[in-house]
Amino acid sequence: GENIIKKSCFMKWYKGKPLLEVLNAETKGVDYSTKKAKPLRLFVQSVYNDGSKRILLGKIEKGTLKVNDLVFMNISQQKGIVRKIMAGNGSKSVSREGECVGLILESMDLDGIKRGEVITNLHSRPLLIKKIKAGQKFQRTAPNTFMLIE
């Protein structure tokens with residue numbers, strides 16, 4: 001294929017970047033259709049004690065997280081401030097979608113935080129629902145067999 005790894009001399013009309021360069025660009029955490037930042041979604045995988053500090057470990061599934069961001073715990077319904085983001089052997093000021101991080105938060109009761117907690121931006125929380133109504137339709141395809149229609 002042309003323009004996959006490097007610009008092709010056979011497609012001079014194409015002014016954009018090669019496909020791999022576009023895919024590898026530092027645009028994680030951005031919705032390509034609107035160019036707006038995606039809302040943060042970080043799932044807590046573990047909680048550790050480090051002396052007087054509690055460290056929340058998890059992976060950023062969507063969005064971007066920065067030091068001093070206001071965050072919300074969707075299960076325990078708590079608010080907090082990101083004071084430190086740890087990744088690899090050091091700390092960072094910004095982490096993006098796909099990164100595994102350790103967080104030190106302030107202004108919350110961390111004893112109530114457990115594995116499975118969902119951390120979001122304070123002002124872009126997901127809608128929580130208690131009920132869902134769903135239905136399925138089946139179509140008979142042959143005697144004694146059915147096909148699920150989605």
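As shown above, the structure is provided for reference.
Note that the coordinates shown come from a computational prediction; the quantities given were computed from them, not determined experimentally. (Residues numbered from 1 in each chain as written. Predicted model: local features only at pLDDT ≥ 70, side-chain atom pairs only at ≥ 80, totals over all residues. Heavy atoms only, no water.)

Peer 1: Residue-level account of the overall build of the chain, with values.
Peer 2: A count of helical and extended segments in the chain gives one helix and 13 strands. Going from N to C terminus, the chain has its helices and strands arranged as α-β-β-β-β-β-β-β-β-β-β-β-β-β. By residue count, 27% of the 150 residues in the chain fall in the buried class. Expressed as a percentage of contacts within the chain between residues at least 6 apart in sequence, the contacts between residues at least 24 apart total 53%. Only carbon and sulfur atoms are counted for the fraction: they give 54% of the accessible area of the chain, which is about 11,000 Å². (Helix = DSSP H or I, 4+ residues; strand = E, 2+ residues; numbered from the N terminus. Buried < 20%, exposed > 50% of the residue type's maximum accessible area, 1.4 Å probe, protein only. Contact = heavy atoms within 4.5 Å. Areas by Shrake-Rupley, 256 points an atom, 1.4 Å probe, with all protein chains shown as cover.)

Peer 1: I'd like a description of the environment of serine 124, backed by residues and values.
Peer 2: Topologically, serine 124 is positioned in the loop between β11 (118-121) and β12 (137-142). For serine 124, a relative accessible area of 22% corresponds to the partly exposed category. Sequence separation between serine 124 and valine 71 is 53 residues, and the spatial gap between their C-alpha atoms is 9.4 Å. In contact with serine 124, not counting residues within four places along its chain, are Pro39, Leu40 and Arg41.

Peer 1: Residue-level account of the nonpolar core, with values.
Peer 2: If you look at the biggest cluster of nonpolar residues, it comprises 16 residues, and the most contacted ones within it are Leu42, Leu56, Leu65, Leu103, Leu105 and Ile119. When residues of this core are traced back to their parent elements, those giving at least two are β3 (41-50), β4 (53-62), β6 (70-73), β7 (78-87) and β10 (100-106). Here the element with the most residues in this core is β10; it accounts for three residues. With sequence-adjacent residues up to four places away left out, leucine 103 is seen in contact with Leu42, Arg54, Ile55, Leu56, Leu65, Val82, Lys84, Ile85, Met86 and Ile119. (Core = buried A, V, L, I, M, F, W, Y, C linked by side-chain atoms within 4.5 Å.)

Peer 1: I'd like a description of the pattern of salt bridges, backed by residues and values.
Peer 2: A full pass over the atoms with the stated rule returns three salt bridges. For lysine 38, the salt bridge is made with glutamate 97, and the minimal N-O distance between the two is 3.3 Å. Of this pair, lysine 38 sits in the loop between β2 (36-37) and β3 while glutamate 97 sits in the loop between β9 (94-96) and β10, and the two are 59 residues apart along the sequence. Since its relative accessible area comes to 18%, glutamate 97 is described here as buried. For glutamate 106, the salt bridge identified is with arginine 83, shortest N-O distance 2.9 Å. On the criterion of sequence distance, the pair formed by glutamate 106 in strand β10 and arginine 83 in strand β7 is long-range, its members being 23 residues apart. Among the residues examined, glutamate 106 registers a relative accessible area of 36% and is labelled partly exposed. Arginine 83 gets classed as partly exposed once you look at its relative accessible area, which sits at 35%. (Salt bridge = Lys/Arg side-chain N within 4 Å of Asp/Glu carboxyl O.)

Peer 1: With reference to specific residues and values, describe unusual backbone geometry.
Peer 2: Despite not being glycine, asparagine 3 has its phi angle at roughly 60°, a positive value. Structurally, asparagine 3 can be placed in the segment before α1 (19-23). Its identity is not glycine, yet asparagine 68 carries a phi of approximately 75°, on the positive side.

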